[in-house]
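Structural overview
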Amino acid sequence: MTSGLWERVLDGVWVTIQLLVLSALLATAVSFVVGIARTHRLWIVRFLAGFYTEVFRGTSALVMIFWVFFVLPPAFGWQLVPLWAGTLALGLTYGAYGSEIVRGALAAVDPAQREGGIALSFTPWQRMRLILLPQAVPEMIPPFSNLLIELLKGTALVSIMGMGDLAFSANLVRLALQESAEIYTYILLIYFVIAFLLTRSMRGLEKKLKAGVGKAPKKKAAAGRVPEGSGVS
């Protein structure tokens, strides 16, 4: 490829990264708000949070992008730029999946921890902030990592709006060169590299968070060494 075509591809990579970061931030916020609401003591709050989750999990992300970009704006008399339309559609959709991760992690915390917070006269918010979330968040990282990779792959859907992301730019280059195998092989490799870097970053974050709550994985003893305190000399 010529330098001009490579520049087109790199521009697409940058647009994809922007969309990934923005939609991931929105999805994270939605995940925690809705996930915590799913554990609320008021049934109406749990019902509304559950209704939101079921609606967005039960609809196509592609159709949601169409709806946000083509249907929603005329109803309110304004138009969203593709970047913000994609961010809104993907963030709300993947946030619904993330809310189940948050709800499940909170439910997995030892009930004795909740009872301890009640015994200390903590308010519900204090129990959530000081006891439940610090223990639940490290357990959320592995499933959130998988969801982030799915979100990365989902960013390719915005190309239907003519947004110059990686998938859209790759198609333009393919049309210019009339070469599919080479171009799409490069794009697959680019997506893989981004996903690999995300996975490694999330693993590092998981280890750091688990170390903060005393759950850091123990290092394996070197072969031939006897652990201290074993009583063997």
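Conventions we followed
Residues numbered from 1 in each chain as written. Predicted model: local features only at pLDDT ≥ 70, side-chain atom pairs only at ≥ 80, totals over all residues. Heavy atoms only, no water. Salt bridge = Lys/Arg side-chain N within 4 Å of Asp/Glu carboxyl O. Helix = DSSP H or I, 4+ residues; strand = E, 2+ residues; numbered from the N terminus. Buried < 20%, exposed > 50% of the residue type's maximum accessible area, 1.4 Å probe, protein only. Axes fitted to C-alpha atoms, helices over the stretch in contact; angles between N-to-C directions. Parallel < 35°, antiparallel > 145°, perpendicular 65-115°, else oblique. Left-handed = near helix turned anticlockwise from the far one by under 90°. Contact = heavy atoms within 4.5 Å. Nonpolar A, V, L, I, M, F, W, Y, C, P; charged D, E, K, R; others polar. Phe/Tyr/Trp six-rings, centres within 6.5 Å; stacked < 30°, edge-to-face > 60°.

This model, assessed by the stated rule, comprises five salt bridges. We note a salt bridge from Glu100 to Arg38, for which the minimum N-O separation is 2.6 Å. In this pair, Glu100 is assigned in helix 4 (residues 82-107) and Arg38 in the loop between helix 1 (3-37) and helix 2 (43-57), connecting sequence segments 62 residues apart. A relative accessible area of 19% places Glu100 in the buried class. For Glu150, the salt bridge goes to Lys153, with nearest N and O atoms at 3.1 Å.

It is worth spelling out the packing of helix 4 against helix 6 (residues 124-154) at this point. One way to put it is that helix 4 packs onto helix 6 with a least axis distance of 8 Å and a crossing angle of 140°. As the angle between them shows, helix 4 and helix 6 are arranged oblique. For the element pair helix 4 and helix 6, the recorded crossing hand is right-handed. Side by side, helix 4 and helix 6 meet where Leu90, Tyr94, Tyr97, Gly98, Ile101, Val102, Ala105 and Leu106 of the first sit next to Met128, Leu132, Leu133, Ala136, Met140, Pro143, Phe144, Leu147, Glu150, Leu151 and Gly154 of the second. Of the residues belonging to the contact of helix 4 with helix 6, the class tally is 16 nonpolar, two polar and one charged.

Let's shift gears to the side chain of Thr16. Position of Thr16 among the secondary structure elements: in helix 1. For Thr16, the residues in contact, after removing those within four places along its chain, are Leu152, Thr155, Asp165 and Leu166.

This next bit is on the packing of aromatic side chains. On inspection of all chains with the given rule, the structure shows eight aromatic pairs. For the pair Phe47 and Phe51, a centre-to-centre distance of 6.4 Å together with 20° between the ring planes defines the contact as stacked. Note that Phe47 and Phe51 are positioned in helix 2 at a spacing of four residues, about one turn of the helix. Here the aromatic rings of Tyr94 and Tyr97 are separated by 6.3 Å at their centres, their planes lie at 45°, and the arrangement is tilted. One end of the pair is Tyr94 and the other is Tyr97, both in helix 4 and three residues apart, which spans about a single turn. Judged by relative accessible area, Tyr97 falls into the partly exposed class, the value being 35%. Connected via pairs of aromatic rings, a cluster forms that spans Trp43, Phe47 and Phe51.

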